[in-house]
Amino acid sequence: MVTLPKAPVVLARASIILCVDDDATGIRFRQLILEAEGYRVLVATSAEEGMDVFRSNPVDLVVTDHLMARTMGTEMAGAMKRLKPHVPIILLTGTNSPPEGAENADAYVCKGDGPDVLLNRISTLLPHQSVELPPAGGWALEGEERYRVIMETMSDAVIAIDQHSRILFANPSTKKIFGYADHELLGGELTMLMPHYLRQRYRESLERYLTTGEKRAAWQGVKPVGLNKDGQEIPVEISFGEYAKDGRRMFVGIIRDISERKQAEREHAQLAAIVESSNDAIIGKNLDGIVTAWNKGAERMFGYAAEEIMGKPASILLPPDKLQEESQILSRIGHGEGMSLHDSIRVAKDGRVLSVGVTISPIQDAHGAVTGASTIARDLTQVKMAEQALRNSEKLAVAGRLAATVAHEINGPLEAVANILFLLDRAELSHTAHEFIHAAQAEVKRIGQITKLTLGFHREGERGEAELHASDLIDGILALYGHRIESLGVAIEKRYDSAGVLVADAGELRQVLSNLIVNAAEALAKKGNKLLIHVYDSPDWRGAGRKGVRITVADNGCGIPREVRHKLFEPFFTTKGEKGTGLGLWVTKSLVDKHDGSLRVRSTPGVGTTFSVFLPSKLRHPPSPTLVPAPYGRQEAG
Ligand SMILES: Nc1ncnc2c1ncn2[C@@H]1O[C@H](COP(=O)(O)OP(=O)(O)OP(=O)(O)O)[C@@H](O)[C@H]1O
Ligand SMILES: [Mg+2]
């Protein structure tokens, strides 16, 4: 059982007021009023006694009568100010005008003004002390019993020590927190409850405080840690009080074990780190729609830094036609309803419109009241574009099949026209007529090539690897696009150092080469006049010792700016706006990879661009049939 020290323990936060008055009745009621307000009151009935009490107690404020039997209260106030200038002094006067010598005091209060005025003055002069309101009747009226009950029931450890740090008293919670029984603690040095590395520092700062009154200077930046009987460190929070007994200085520490709080802080920090590192945008807002939390994912997705957007309405992320939706969502959230994943639209800082998948949940406080909403948003723009591209490629496949059918149907009448021209050419006609017939025959031949090529893109049974000549494929592609390119004033040069014998999927290789040729033509539409296509046998430039074929497509067109070069092979990267899907090079690269080849680009802005494809003569591995998604423009057999 814990024994209480004889001297009353001063709770850390109750201010001590010294009342000095030679009128016993006056002082008695003043004391009751102040105690009922939670102040600890010391009483003196003469100036001499007042000085004694003032000297030996940590008095926070003095209330003294102006006129006392033998001394003026103002004289005593002057003496007190010389001793402890920071302690405020209030003079009680019988008149409404400032008494003589009032400059020694901090304020004067007329006795006739009533207790409220005095209490008000006291609380303004004690601005930093918070006073615990006692229950009706006040602490002092219940005396030591009350303190005993408090000491025994409070969950914080309360330890009293003398100026040599010897433990004089410890309440029951001290054992719960530190593990020591009373007999182990009493008389021991307080430092037994501290880790070794803090002990010397503590002794020095107590010493300093005892001699200079300077508080805690050496403790700045030190997070207090206790040490329990098992040698484990415990994070603690400490508040100190001081009192005097028989001229000896005593200290009381109230020590709170904050391990749980620290643990909660760690868990909170861990959760915060998870939120912070999420790729999804995680946004908190209050019920007025004001942003209260903003993770890195949100920063990446929407382009606003946290400090830029916190405190602003979350609605700045919405396009104007969705503002209505936001107020509906907030009202649903206010009723505690969440919203599961749904598609929506948001606007980034740079004005980009983003397709997002959004989940919204209410945020509740500890009492279950809804205080705001958390939004998790995932950027679906790429997914939506891929879906669009897939739809486009399906449309292209349909268009391709249609074109093949038309080409097939044209072949019949075309044959008839070719036959008619053949017959006409044999007839006896004028020289001019024969010239016309030859011109018509050339055009019909071209139509024939085009229909053959259109069908070629679709030929059934062509899929899968077979030996082929790259030069044949290029001829076919140029038959289709050559005229259009030449009409731009571009000279096409074909340089076939070899036929380019390869084992490849003809349809896929045709797609690779036509993507490169069409890109070159589009660059030449802006600038330049030369397209060079070069085919030659070559070893693999990656040094694998493999033989193969290299095909270069070079133009002296607009070139590619350095800053976009790393994006060329990304899906959807295009500088052609609506006219490009940005899938050409992505598909090209995928198909070259599928054939175990490689693709390189060299470009100088304003000078021109060269794409080089290397394809091995023979495949190392049989290609896997589904290495790339059905790319745009790759038509199914019709
Ligand atoms: N020969 C070239 N000269 C200049 N820029 C080029 C050349 N080839 C490609 N590019 C640049 O690379 C970008 C991506 O090309 P890619 O073929 O992938 O897409 P696209 O041509 O824009 O669209 P599409 O999907 O219709 O082919 C082009 O928008 C263009 O800016
Ligand atoms: Mg292209």
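Residues numbered from 1 in each chain as written. Chains lettered and ligands numbered in written order. Predicted model: local features only at pLDDT ≥ 70, side-chain atom pairs only at ≥ 80, totals over all residues.

> Can you walk me through the overall build of the chain in this structure?
For the chain, the count of helices and strands is 17 helices and 22 strands. Expressed as a percentage of the 638 residues in the chain, the buried residues total 27%. Considering only contacts in the chain between residues 6 or more positions apart, those separated by 24 or more positions represent 61%. (Helix = DSSP H or I, 4+ residues; strand = E, 2+ residues; numbered from the N terminus. Buried ≥ 20, exposed ≤ 12 C-beta atoms within 10 Å, placed from the backbone. Contact = placed C-beta atoms within 7 Å.)

> Would you mind going over the sheet that holds strand β8 (residues 225-227) with me for this structure?
Either a parallel or an antiparallel arrangement is found when strands of a sheet pair, and the pairing is made through backbone hydrogen bonds. Taken in spatial order, the five strands of this open sheet run β7-β6-β10-β9-β8, and their pairing is antiparallel. The two strands at the open ends of the sheet, each matched to only one other strand, are β7 (167-170) and β8. Direction aside, neighbouring strands of the sheet carry axes that sit 40° apart on average. Alignment of strand β6 (residues 157-162) against strand β10 (residues 248-257), held across six bridges, turns out to be antiparallel. When the bridges of β10 are listed, Ile-161 appears paired with Phe-251. (Pairing = 2+ DSSP bridges. Axes fitted to C-alpha atoms, helices over the stretch in contact; angles between N-to-C directions.)

> I would appreciate a short explanation of the pairing of strand β22 (residues 608-616) in the present structure.
Two faces make up the sheet, and in a regular strand the side chains alternate between them. Within β22, seven of the nine residues are buried, leaving the element largely enclosed by the surrounding structure. Hairpin connection from strand β21 (residues 598-604) to β22: three residues lie between these consecutive antiparallel strands, with Gly-606 at a positive phi of about 85°.

> Mind showing me how you'd approach the site of ligand 1 here?
Neighbouring ligand 1 are 22 residues, the closest being Ala-523, Thr-574, Gly-580, Gly-584 and Leu-585. A total of four residues in the shell around ligand 1 trace back to one element, the largest contributor, which is helix α16 (residues 506-524). Across the shell around ligand 1, the residue classes break down as nine nonpolar, 11 polar and two charged. (Near = placed C-beta within 6 Å. Nonpolar A, V, L, I, M, F, W, Y, C, P; charged D, E, K, R; others polar.)

> Mind showing me how you'd approach the pairing of strand β14 (residues 353-364) here?
Summarising the sheet, strand β13 (residues 339-347) and β14 pair through seven bridges and their orientation is antiparallel. The residue of β14 that forms the bridge with Arg-346 is Leu-354. Adjacent in sequence and paired antiparallel, β13 and β14 are bridged by five residues, among which Gly-351 carries a positive phi angle near 90°. Pairing between β14 and strand β15 (residues 370-379): nine bridges, direction antiparallel.

> Please clarify how helix α15 (residues 470-486) should be interpreted in this entry.
Quick reminder: α-helices carry 3.6 residues per turn. Residues three or four places apart thus point the same way. For α15, the principal kink sits at Leu-480 and spans about 50°. Every buried residue of α15 is accounted for by Ala-470, Leu-473, Ile-474, Ile-477, Leu-478 and Ile-485. The inward-facing, buried residues of α15 abut β16 (465-469), β17 (491-496), β18 (501-505), α16, β19 (530-539) and β20 (547-555). (Bend = angle between axes of the 7 residues up to and from the residue.)

> Please clarify how the nonpolar core should be interpreted in this entry.
General note: in soluble globular proteins, nonpolar side chains tend to be found buried as a group. Leu-513 and Ala-520 are the most contacted members of the largest nonpolar core, which has 40 residues in total. Elements with a minimum of two residues in this core: α15, β18, α16, β19, β20, α17 (584-594) and β22. Looking at this core, the element that brings in the most residues is α16, giving 10 residues. Beyond its immediate stretch of four places on either side in the chain, Ala-520 contacts Leu-531, Val-553, Asp-555 and Gly-557. One finds Val-20, Phe-54, Leu-61 and Met-76 within the second-largest nonpolar core, a separate group that totals 28 residues. (Core = buried A, V, L, I, M, F, W, Y, C linked by C-beta atoms within 7 Å.)

> Sorry, what's going on with the packing of α16 against α17 here?
For any two helices packed against each other, one specifies the crossing angle of their axes together with the interaxial distance. Where α16 contacts α17, the axes come no closer than 9 Å and their chain directions differ by 145°. As α16 packs across α17, the resulting crossing turns out to be left-handed. Here Glu-508, Gln-511, Val-512, Asn-515, Leu-516 and Asn-519 of α16 come into contact with α17, specifically with Gly-584, Leu-585, Val-587, Thr-588, Leu-591 and Val-592. (Left-handed = near helix turned anticlockwise from the far one by under 90°.)

> It is not clear to me how the environment of Asn-286 should be interpreted in this structure. Could you clarify?
Secondary-structure assignment places Asn-286 in strand β11 (residues 281-286). Given 16 C-beta atoms within 10 Å, Asn-286 falls into the partly exposed group. Between the C-alpha atoms of Asn-286 and Ala-373, which are 87 residues apart in sequence, the distance is 6.3 Å. With near-sequence residues (within four places) excluded, Asn-286 lies in contact with Thr-292, Thr-371 and Gly-372.

> What should I look at first to understand the packing of helix α2 (residues 47-56) against helix α3 (residues 73-83) in this one?
Two elements in contact, α2 and α3, have axes separated by 10 Å at closest approach and are oriented at 15°. When the interaxial angle is binned, α2 and α3 end up roughly parallel. Like other packed secondary-structure pairs, α2 and α3 cross with a definite hand, here right-handed. In contact with Ala-47, Gly-50, Met-51, Phe-54 and Arg-55 of α2, α3 contributes Met-76, Ala-79, Met-80 and Leu-83. When the residues that make up the contact of α2 with α3 are grouped by side-chain class, the tally is seven nonpolar, one polar and one charged. (Parallel < 35°, antiparallel > 145°, perpendicular 65-115°, else oblique.)

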